[in-house]
Amino acid sequence: MIEISSFVKRFDKLVALNGISFNIAEGSIFGLVGSNGAGKSTLLRSLCGVYAPDGGEILIDGQTPYENPKLKSSVIFVPDFPYYEPQATLKTMAKFYHTIYPDWSRKEYNRLCGLFGLNQKTRIHNMSKGMQRQAALICALAAQPRYLLLDEVFDGLDPVMRQLLKRIISEQVAERNMTVVIASHNLRELEDFCDHVGLIHEGGVIFEQELDALRLGIHKAQAVFQPPLEFQQLDWLKERLDIVKLEIRGSMISLVARKDQETVENVLNELEPVFSETLPLSLEEVFISEMEAAGYDLNKIIS
């Protein structure tokens, strides 16, 4: 289990993470989302023990990862830009990982090489970006870590490789109860893969929730009223729904509310709309709505 308590990380005057707190259950696939510069990569590096805390603490199985070689042998971080020595091949990287990680599996390594179809003797620097990422993933997964930390892992992978990676990770989670934390801007990839998700913004946590509960707990709706709603009716609506976003265009209103579908429909029906529909939000829509509610510039989110 990962426990993050009032964790602070600074770089000179920049506060990258400002007192964040949440837990990640053992055996879960946790999606970490957020705007550019929100602190996702800093958190992953802190989890694997690269950065020392400037406040609060991070505990993995009750131990701090910083300067803890024994714990680090069960935690692997695959960064956004994996580093390789100029002459490194997949074969030499496998030997290196074998010396560091006690649960390294030659059998699993050979199986993964076959699935991804990489030449073990080719210099990794001569491979494409996607193939270099595959090489890093082969080594990481063959080490059979208890905790796997992934930063923008889908970037550079084609659709077939992305689905293959999801299947392999899901198998290892099911078979070995491995815990996965994956930071990504590709929210559609996380939506059908993660069981929990956390949204970080400007070094703080906006929400952390089970994905199914998140989907069921926030909805968008459109309704048409004749005549258009008056101010008193809009105020009544806002009192009964936790509205994240509200747009009014003549007789039509569009809203996003932190309520279940039945509640949203019942409240709207009390105002007797000519037409109304209520739909769940995708993870991307949840992300944008929550970031807008936090006052973030939408143009920066999608840039």
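Note that the structure is a prediction, hence the values are computed from the model and not measured.

Focus: the domain arrangement of the chain
Then, number 1: Domain boundaries in the chain define domain 1 (2-209) and domain 2 (219-280).
Then, number 2: Just the C-alpha atoms count here: the centres of domain 1 and domain 2 sit 41 Å apart.

Description of the sheet that holds strand 4 (residues 55-60)
Through backbone hydrogen bonds, the strands of a sheet pair up, either in parallel or in antiparallel fashion.
Then, number 1: Spatially, the 3 strands line up as an open sheet ordered 2-1-4, and their pairing is antiparallel. Because the sheet does not close on itself, it has two edges, and the strands there are strand 2 (14-24) and strand 4. Taking each pair of neighbouring strands and ignoring which way they run, the sheet shows an average axis angle of 25°.
Then, number 2: Examined bridge by bridge, strand 1 (residues 2-11) and strand 2 share 8 bridges and lie antiparallel to one another.

Comments concerning the nonpolar core
Then, number 1: The biggest cluster of nonpolar side chains holds 60 residues, and the ones touching the most others in it are Leu 150 and Ile 169.
Then, number 2: Setting aside residues no more than four positions away along its own chain, Ile 169 makes contact with Leu 141, Leu 150, Met 178, Val 180 and Phe 193.
Then, number 3: With 24 residues, the next largest nonpolar core counts Phe 30, Ile 58, Val 75 and Ile 200 among its residues.

What to know about the environment of Ile 253
Then, number 1: Relative to the helices and strands, Ile 253 is located in strand 12 (residues 252-257).
Then, number 2: Sequence separation between Ile 253 and Glu 57 is 196 residues, and the spatial gap between their C-alpha atoms is 45 Å.
Then, number 3: Among all residues touching Ile 253, those that are not within four sequence positions of it are Ala 221, Gln 222, Ala 223, Phe 225, Leu 229, Leu 237, Leu 246, Glu 247, Ile 248 and Leu 268.

Thresholds, definitions, all that
Residues numbered from 1 in each chain as written. Predicted model: local features only at pLDDT ≥ 70, side-chain atom pairs only at ≥ 80, totals over all residues. Heavy atoms only, no water. Domains from an automatic or database assignment. Pairing = 2+ DSSP bridges. Helix = DSSP H or I, 4+ residues; strand = E, 2+ residues; numbered from the N terminus. Axes fitted to C-alpha atoms, helices over the stretch in contact; angles between N-to-C directions. Core = buried A, V, L, I, M, F, W, Y, C linked by side-chain atoms within 4.5 Å. Buried < 20%, exposed > 50% of the residue type's maximum accessible area, 1.4 Å probe, protein only. Contact = heavy atoms within 4.5 Å.

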